[in-house]
Amino acid sequence: DVGDEYKAPISTMCPYIHALVEEFSDNFYAELRRKFYISPKSYLDMIQLYTKLLHDKQMELIEQKDRFVNGLNKMEEVGVVIESAKKDLAELEPVLKEKSAATEVLLKQVEVDTAEASKVEEVVGKEAKEVETFAAGVKVIQEDAQKDLDEALPALNDAVSALNQLTKGDITEVKSFSKPPALVQTTMEACCILLGRKPDWDTAKKLLGESDFMDQLLTFDKDNIDPKRLKSLKKYIEMPEFTADSVGKVSRAAKGLCMWCRAMDVYAEVVKIVEPKKAKVAEANLQFNEANAALEEKKANLAKVQEKVAALQAQLNAALTEKKSLSDQADLCEARLSRAGKLTAALGDEQVNWTEQSKVLAEQLERLVGDIFVAAACVAYVGPFTMSYRSKIVQDWVDKAKEVGVPVSEGFRFADVLAKAVEIRSWNIAGLPSDEVSVGNGVLVKNTSRWPLMIDPQMQANKWVKNMEDQNGLRLIKLTDGRYLQTLENCVRNGNPLLLEDLGEEIDPALEPILMKQLFKQAGRLLIRLGEQDIDYDENFRFYMTTKMPNPHYLPDVCIKATIINFMITLDGLEDQLLGDVVRKERPDLEQAKDKLVVSMANDKKQLAELQDKVLKLLKEAEGMILDNEPLINTLQQSKVTSSMINKRVAEAEQTNASIAETREGYRKAATRGSLLYFVIADLPNMDPMYQYSLEYFKRLYNYCIEVSEKSADLNARLEILMSFITDFMYKNVCRGLFERHKLIFSFLITTSIMRNSKVISPAEWNFLLRGGIVPTQAKNPDPALISAVQWETCQFLQDAMPDTFAGFMDHIGEKLKEWKVWATSESPQDTTLPEPWGGGLNTFQTMCVLKIFRQEKLVFSTEKYVSEKLGKAFTESPPIILADVFPDTSANTPVIFVLSTGSDPTGSLIKFAEERGYLNKFQSISLGQGQGPVAERLIGQSTKKGEWVCLMNCHLATSWMGSLEKIVDGFSTQGVEDENFRLWLTSKPSSAFPVAVLQNGIKLTNEPPRGMRANLIGTFTTLGQEEWDCMTERDGRDEKYWRKLLVGLAFFHAVVQERRKYGPLGWNIRYEFNTSDILAAKEVLKMFCRNFENMPWNALIYITGHVNYGGRVTDDQDRRCLMSILDTYYAGEKVVNDDGYKFSESGTYYTPPNGSYSALMSYFDNLPMVDNPEVFGMHDNANISFQLQETQAIYEIVLGLQPRVGGGGGEGEKTPEDIVDDLAGMFVEEMPEKLDIEKAAPGMFEVMPNGAYRSLDTVLMQEMDRFNKLIRTMGSTLVELRKAIKGLVVMSADLESMFLAFQNNQVPGLWLKVAYPCLKPLASWIKDFHRRIDFFRSWCEKGQPAAFWLPGFYYPQGFMTGALQTHARRYQVPIDTLNFSFIIKTVEGAEDVDHGPEDGVYISGLFLEAARWDRRQKKLKPSNPGEMMSLMPIIHFNCIQNAVMNPADYQAPLYKTNLRAGVLNTTGQSTNYILDVGIPTDENPRTWVLMGTALCTMTND
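Conventions and cut-offs
Residues numbered from 1 in each chain as written. Predicted model: local features only at pLDDT ≥ 70, side-chain atom pairs only at ≥ 80, totals over all residues. Heavy atoms only, no water. Helix = DSSP H or I, 4+ residues; strand = E, 2+ residues; numbered from the N terminus. Buried < 20%, exposed > 50% of the residue type's maximum accessible area, 1.4 Å probe, protein only. Contact = heavy atoms within 4.5 Å. Areas by Shrake-Rupley, 256 points an atom, 1.4 Å probe, with all protein chains shown as cover. Core = buried A, V, L, I, M, F, W, Y, C linked by side-chain atoms within 4.5 Å. Expected span 1.5 Å × (residues − 1). Arc of directions from axis to C-beta. Phe/Tyr/Trp six-rings, centres within 6.5 Å; stacked < 30°, edge-to-face > 60°. Pairing = 2+ DSSP bridges. Axes fitted to C-alpha atoms, helices over the stretch in contact; angles between N-to-C directions. Right-handed = clockwise from strand over helix to strand, strands pointing away. Salt bridge = Lys/Arg side-chain N within 4 Å of Asp/Glu carboxyl O.

S.K.: So what's going on with the overall build of the protein? Residues and values would help.
M.R.: From N to C terminus, the protein includes 53 helices and 24 strands. Relative to its 1502 residues, the protein shows a buried fraction of 49%. Long-range pairs, those at least 24 residues apart, make up 76% of the contacts in the protein with a sequence separation of at least 6. Of the roughly 69900 Å² of accessible surface on the protein, 51% is carried by carbon and sulfur atoms.

This is how it looks when you write it as structure tokens:
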């Protein structure tokens, strides 16, 4: 089927296609985190499918083309006949008139002659009777002779019978012998002798080839056989083997001929016996002949008369026949002309259409080799890909095919090649969306050689398959069904289609025979082995599989057995569906008309196609002259009438449809908004696994919005109302199920999706805001104190990325530096106008890009402002969750899921709500855990009957039972609930094990502990209640005073330790999960101490509360120091109890109010600030900057994580992500430093001491060099591999994909981090820092020990510290464990200012102070300058002192490698991030700096 000229190119294409798909699948995983596997099975499937499809399609197109060509030929034939008929009719008319006149004359003459002949006939008749009487006597004698003869004829009859049974095939069989068997030749020679032919095989074959051969035998004159022939025949007759049976064994045909030959011989013998009798008959006949002679004479006279009459009659008949023939010819011509008119009217229009279609089919046939090849590759490979990937892959294939010389159609679409329009319309009617991806998926399902496994989270494929196969008896199963194998077996036997729903990531091995189609034949039956038995396999059986999982990871064994098809809905596909929904609600008449039109047009077009096929079929099957086939003409004419009616109907329908479509398009904006919202919501599970929303649920809400929103007669006004209402309603409904930290992200995603769709935000702007970027710049930084090097390079990147918007941006900063400084240092730059012309020239989003560079921490406010500006303030506020408002949305079938965060418990509010609704006595709750699943099932079963409420708490603890929960909830919908008052309440922390189906169709509510001091304090005392407040009345109010004052202090302490977490490492090194149980335990301790001690044992109270109740959670020593420092504020001795003027913070806002009522206390809490000032935590105002920066980073990291993992950027001609990463990798390779070489060490370095060891610091240097050399090797090799992978020279592994992505996002690749030092810098800054470290150690190695050591450059600074101590210990011969550092902060700033090192110890440079600053004038620790998060310290002298005692007045500042501070706890209980404490002089109580979170770090994060 494939031409020789295409075999070589297609052979080249096959491996190319496979390799390309492997490459794209790697990119697919890197970008979208969707993993599937390409196997050789796909390669083989493609080839098998290609050969099959090519053959089938070629036959189909050839047949179609032949039918069109045949139809055209028939029409041409009709044209020739019409011209001939017109000419013949004109010639016949005068001849016909002449013949009619001559016939009238002849008719009269015949009448006269006939009368005379009648008279003569009467005389002859009488004499004839007499002769007949004599003839009867002769007949008796003759019959007697014949009787004897008949007795001798059985053999002859048998032979004749045998001859009559011979068929043309039998004769052909004999004739086909090139060298016949001997008996066959003998038989044929005998036949030739009897027939007077030459007795040889050539003559015999000619004889057999004569058309009247059988007639010659049957009419053979057996009575007069030539004796010579009989004599020649005799030698054959006497042959013993020349018998019918013997010959019959060789040839059936020869047997009959043999019988005939022998019969002729027998008959000749019999004739000899019968001859005497014949003589007797002859004598009788002689007498009869004499009698008859006289009669004959008279008859002759009569004959002459009659002959004359007959001649005249014949002449008359001939004249009449000729006249009739001429008349018939004229009638035929007229009839043909009439039918030709009908035929031309019926098919005239089609002739043009058929001509065009036959040309199109001819062209399709030419391109079929390539079209089918690419289509087969699509079926085999593209199923798992999304639309954008499919388009790229197919276009690449098409381009490659053309390049190698394989013809492929322009604008190739595999759906056009493998499916018909009528078929696709039927799929659409059955529920398949009409977008290109969905139609393509339908084509894949139809054509795949393996059973389809459809990724179908929105249930689109599920719905389509159910509607499409319903009429065929579709059955449904799930792997959780107990009897699903029985259903499967019945479907296989009976040929019913079967749909397997809700498949997970694994397939039951019992399905393998079905998936692998392991069929075999036995005794003519087609069988398949299921389990232990063989069952009949009906070839009508179809098997479909769907999964609701949005991103399943199927292992290779599944990918081999099934064709994975990505049925996830597309933006366009959903938009079309929502458009239908909105028009159906807004203009039901329009949508009903459209629905009817779609069905009627589909039926009409289908009928038109069938009529055309019928016409072509009739024309093809027509034999002879088509114009003589009147039934055919009438049928064609009727078909034309029908098709004309249908064409008219279709034309009107298309016109109406176009009008409807135009009207429907007016509502598209509302559908687009809905589609955008859904795709934002569909991304939410990537933030948290509990954020699951089904398309069905979304569409239910969407339709509700259309119904209840305000109506307007003006379409534009109505659309604005509708879009606003839908956006607001969806936000509120989804928001109630989101954690607080995700709500702004959600509204920001909604806003930016709308803006990006309308092109308000460009790809370059979006990419910059999410990913940032820096490029080296030659432009001079106008103010390094204001603008860091990283910020200045980011300005260059922004200017380069968006030249149309930011041209001259850097020059303007230099020219208007004062104005820029005012803006950059303002308290709220997000609300301050940029220096002109940028203030008026940039939109809000572009301004956010500028803010990202200079004041990134303010992006969280700018984000909120942007959302408020575009969508309204309501989208920046969290709607309160009130159960009474939510309850109307609930039903017996719909569970309510409380999504928990640490420290939250909705049970109390739920019980209170149950009491309000009168359901407290019908409220049952159970905490799930080991063994509680069956108990919960029984409880639900009973409650559904009684209409009670059930609360299943802590579902995340019963992961193994979640499958059962899913079945129970599914049963609510499928089987119903007996009592509609039943409600199911569930509580769970975020868990990937929680059933997706339950989440998608349930109502989700988040439950979080209060945020902020005010809310925390109110929440605590709401939980404790007035009863606890009033529980101490003993000892004349003494206990009450201690109790209430200290209880408020404990509540403040509890709130502070919880709320400090929001400041990240400044608050706590490790984020501890302090919760209500901690304060309840501490409260009981406090209550015991208040009641049982006359004098409060403050140390014991502080120790138990701090080190036991709360400290039990604390694992970091610095955090424990901080915890105890906080507690000292609230348990500060008697003054807390007795001094009503004692304040918890400098502002005086926070204190324990005077002893009073519970309501007065709550009133005080109500009046506390809504937003916490850092001073309540003992922290600097700059802590807010740190908090805001964390919030900003958290928001944008999540948003970035939701984006496709590709580089952004807009504008034609920009580099692709691959080009950008390749350029970046190439630059890194060029700049890659040489390895640190110990051979190049300076004189005196690495000298071996007398004891055989190296000097301690030399050992440290060697270890550091080894670590850096390993990093250099890793970086060099991975960069080379990455560049090869980008060029397609090696496979893009998962690690290289991760590296590619990291380069795009300006992050350090994980491959490097595994062997690198701790560092939080972005990639560009990390590379600079890396080179600086290498330079430092190279200088140390090649130039000798530096005067000051740059501590940030070390992999393992703790080792360096040990090395410094060891050097001192060896020098002075003292035990190292008695040594410690004392610290002197020098006046010199950097290493370049130091000429030589200290006598003892080491100089350390490059340390940064966080949450404080070093006052160089006063030489004391002071609070940070506003906005200054970290400040560089001068050189510090780390002096080695034996038995050093730290100055208690100094602040012991912990020194960390990075300001993340947290690390892995080592065996000493210290974090691996922690190096040591550095004593820094201060005028303040060291506790002040502990609360501020002041610490030293070796590096910044930028």
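S.K.: How would you summarise the environment of Pro685 if you had to cite specific residues and measurements?
M.R.: Within the secondary structure layout, Pro685 lies in the loop between helix H22 (668-682) and helix H23 (695-708). For Pro685 and Pro550, which are 135 residues apart along the polypeptide, the C-alpha to C-alpha distance reads 9.6 Å. Setting aside its immediate chain neighbours within four residues, Pro685 contacts Tyr691 and Gln692.

S.K.: Pulling in residues and values, what's your account of the nonpolar core?
M.R.: Of all hydrophobic cores here, the largest spans 142 residues; its most connected members are Phe1021, Trp1312, Trp1326, Phe1360 and Phe1438. Looking at which element gives the most residues to this core, the answer is helix H48 (residues 1256-1286), with 13 residues. Trp1326 has contacts with Leu1271, Met1275, Val1308, Trp1312, Ala1316, Tyr1317, Cys1319 and Lys1321, leaving out every residue within four places of it along the chain. In terms of nonpolar packing, the next biggest core, distinct from the first, is built from 109 residues, Leu579, Phe698, Leu965 and Val1199 among them.

S.K.: Pulling in residues and values, what's your account of helix H47 (residues 1217-1231)?
M.R.: For H47, spanning 15 residues, the distance from its first C-alpha to its last is 21 Å, which sits close to the expected 21 Å at 1.5 Å a residue. The set of residues buried in H47 consists of Val1221, Asp1222, Ala1225, Gly1226 and Phe1228. Buried residues of H47, viewed axially, fall in a sector of 160 degrees; they line one side. Tucked into the core, H47 has its buried residues touching H48, helix H49 (1294-1304), helix H50 (1310-1313) and helix H51 (1323-1343).

S.K.: An account of the packing of aromatic side chains is requested, with residue identities and associated values reported.
M.R.: If you walk through the whole model with that rule in mind, you get 84 aromatic pairs. With a centroid separation of 5.9 Å and an interplanar angle of 20 degrees, the aromatic rings of Phe913 and Trp949 are classed as stacked. Taken together, the residues span a long stretch of sequence, with Phe913 in helix H35 (residues 907-916) and Trp949 in strand S11 (residues 949-953) at a distance of 36 residues. Taking 6.1 Å as the distance between ring centres and 55 degrees as the angle between the ring planes, the aromatic pair formed by Phe1336 and Trp1340 counts as tilted. Taken together, the positions of Phe1336 and Trp1340, both in helix H51 and 4 residues apart, correspond to about one turn of that helix. No difference in accessibility class separates Phe1336 from Trp1340, as the two residues are buried.

S.K.: Describe the sheet that holds strand S13 (residues 1003-1007), naming the residues involved and giving the relevant values.
M.R.: Taken together, 5 strands build an open sheet; the order of strands is S10-S11-S12-S9-S13 and the sheet is parallel. Each having just a single partner strand, strand S10 (923-927) and S13 make up the two edges of the open sheet. The sheet shows a mean angle of 20 degrees between the axes of neighbouring strands, direction not considered. Pairing of S10 with S11, which is carried by 5 bridges, proceeds in the parallel orientation. In the strand pairing of S11, Ser927 is matched with Met953. Relative to the sheet, H35 contacts strand S9 (896-900), S10, S11 and strand S12 (983-988), its axis offset from that of S11 by approximately 180 degrees.

S.K.: Go over the pairing of strand S3 (residues 498-501), please, and point to the residues and values.
M.R.: In S3, alternate side chains face the same way, and those of Leu498 and Leu500 on one face and Leu499 and Glu501 on the other are all buried. One crossover worth recording links strand S2 (residues 475-478) to the parallel S3 by way of helix H16 (residues 484-494), and it is right-handed. The sheet contact formed by S3 and strand S7 (residues 543-547) spans 3 bridges and is parallel. Bridging across to S7, Leu499 finds its partner in Tyr544.

S.K.: Could you give an account of the environment of Ile1334, naming the residues involved and the relevant values?
M.R.: Mapping Ile1334 onto the fold places it in helix H51. Among the residues examined, Ile1334 registers a relative accessible area of 1% and is labelled buried. When the C-alpha positions of Ile1334 and Phe1268 are compared, they lie 7.5 Å apart, and in sequence the two are 66 residues distant. Not counting the four nearest positions on each side in its chain, Ile1334 is found in contact with Pro1233, Leu1236, Phe1268 and Ile1272.

S.K.: I'd like to hear about the pattern of salt bridges, residue by residue, with values.
M.R.: Enumeration over the complete set of coordinates arrives at 55 salt bridges. Two residues, Lys234 and Asp265, come together in a salt bridge whose shortest N-O distance is 3.3 Å. Of the two residues, Lys234 is situated in helix H8 (residues 227-237) and Asp265 in helix H10 (residues 252-381); the sequence distance between them amounts to 31 residues. We classify Asp265 as buried; its relative accessible area is 8%. For the salt bridge of Arg1267 with Glu1264, the shortest nitrogen-to-oxygen distance reads 3.1 Å. Of this pair, Arg1267 and Glu1264 both sit in helix H48, 3 residues apart, which is roughly one turn of the helix. The buried category is assigned to Glu1264, whose relative accessible area is 0%. Linked by salt bridges that have partners in common, Lys478, Asp502, Lys548 and Asp970 make up one network.

S.K.: How would you sum up unusual backbone geometry? Please name residues and give values.
M.R.: The residue after Glu836, namely Pro837, is reached through a cis peptide bond having omega 10 degrees. The phi angle at Asn954 is positive, at roughly 60 degrees, despite the residue not being glycine. Tracing the sequence through the fold places Asn954 in the loop between S11 and helix H37 (962-975). Here Asn1306, not a glycine, exhibits a phi torsion of approximately 60 degrees, which is positive. Locating Asn1306 in the fold gives a position in the loop between H49 and H50.

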